[in-house]
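A structural walkthrough
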Amino acid sequence: DEYRSCIDKLTEYARSYEITKNKAEHEKYQALLAWWTGIKPRPSTVSLSPGRSVTTLEIAQELGCHEKEIGLLRYANELSQQIIKVQRATFAEEEGQSIGHTGVFSSDFEQKRSELSRTIARFVHLVEERVNQVEKRSERLLWFGNALIFFILIAVPFTVISLQQRKLGESFRSLNDSQSQ
């Protein structure tokens, strides 16, 4: 969600700037981009790694995402860089640096955003699928553990009683044997 949210916010700031030419939009864009790309520390308001200067990809690697999931994030980062290039061009052109771009309102830009959204959705699906598998395994292990505990709680007393009865039986036989002699 954070990944999508950041790209959406960056786009919102770039589009707003293109329409209003308000420098505050450019400043908000730069501030968000700086922490999102790991240049500056992440704000305390984010749930993952607040206060650290790390990228989403680095966080995913630290959290133990699998290679297929990391591959999707790498592709998402490539798409993000293409999107950011167009967004930055919006600010550059307004500052008199015409670098030629299709614009943040173009269909090409929206296609890139859609592809990014689909890629992030695939990433989320893979992670959720893996988490569900782990939860199912955990549930099976928990069931097995509970069954084992139940068995031990039942088996131990029966074993103790059985051993005591055997010992008692041996004592009676020994007593009977000694009385019969």
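Above this text you will find the structure in question.
The notes below deal with the structure included here. Everything numeric here is computed off the predicted structure, so don't read it as measured data.

Mapped onto the fold, lysine 9 is located in helix H1 (residues 2-20). With a relative accessible area of 33%, lysine 9 lands in the partly exposed category. With 78 residues separating them in the primary sequence, lysine 9 and glutamine 87 have C-alpha atoms 11 Å apart.

On to helix H2 (residues 23-36), then. Along its 14 residues, H2 runs 20 Å from first to last C-alpha, staying within 8% of the 20 Å computed at 1.5 Å per residue. Residues Glu25, His26, Tyr29, Leu32, Leu33, Ala34, Trp35 and Trp36 constitute the buried set of H2. A side-chain oxygen of the first residue of H2 lies 2.9 Å from the backbone nitrogen of alanine 24; this N-cap is asparagine 22. A positive phi of about 85 degrees marks glycine 38, the residue just after H2.

You will see that lysine 21, though not glycine, has its phi angle at about 60 degrees, which is positive. Tracing the sequence through the fold places lysine 21 in the loop between H1 and H2. In this structure, serine 49 is a non-glycine residue whose phi angle is positive, near 55 degrees. Mapping serine 49 onto the fold places it in the loop between H2 and helix H3 (56-62).

Turning our attention to the packing of aromatic side chains. Going through the model one piece at a time under the given rule, you end up with three aromatic pairs. Residues tyrosine 3 and tryptophan 36 carry aromatic rings whose centres are separated by 5.1 Å and whose planes lie at 75 degrees to one another, so their mutual orientation is edge-to-face. In this pair, tyrosine 3 sits in helix H1 while tryptophan 36 sits in helix H2, placing the two residues 33 residues apart along the sequence. The pair formed by tyrosine 3 and tryptophan 36 is uniform in burial state, with each residue classed as buried.

This part takes up the pattern of salt bridges. Under the definition given, this model contains 11 salt bridges. Here glutamate 12 makes a salt bridge to lysine 9, at a shortest N to O gap of 3.6 Å. Of this pair, glutamate 12 and lysine 9 both sit in helix H1, three residues apart, which is roughly one turn of that helix. One salt-bridge network, in which partners are shared between bridges, spans Asp8, Arg15, Glu110 and Arg113.

Scoring rules and cut-offs
Residues numbered from 1 in each chain as written. Predicted model: local features only at pLDDT ≥ 70, side-chain atom pairs only at ≥ 80, totals over all residues. Heavy atoms only, no water. Helix = DSSP H or I, 4+ residues; strand = E, 2+ residues; numbered from the N terminus. Buried < 20%, exposed > 50% of the residue type's maximum accessible area, 1.4 Å probe, protein only. Expected span 1.5 Å × (residues − 1). Polar contact = N/O pair within 3.5 Å; in protein donor to acceptor, adjacent residues only side chain to side chain. Phe/Tyr/Trp six-rings, centres within 6.5 Å; stacked < 30°, edge-to-face > 60°. Salt bridge = Lys/Arg side-chain N within 4 Å of Asp/Glu carboxyl O.

Any functional reading would require information beyond the geometric quantities listed.
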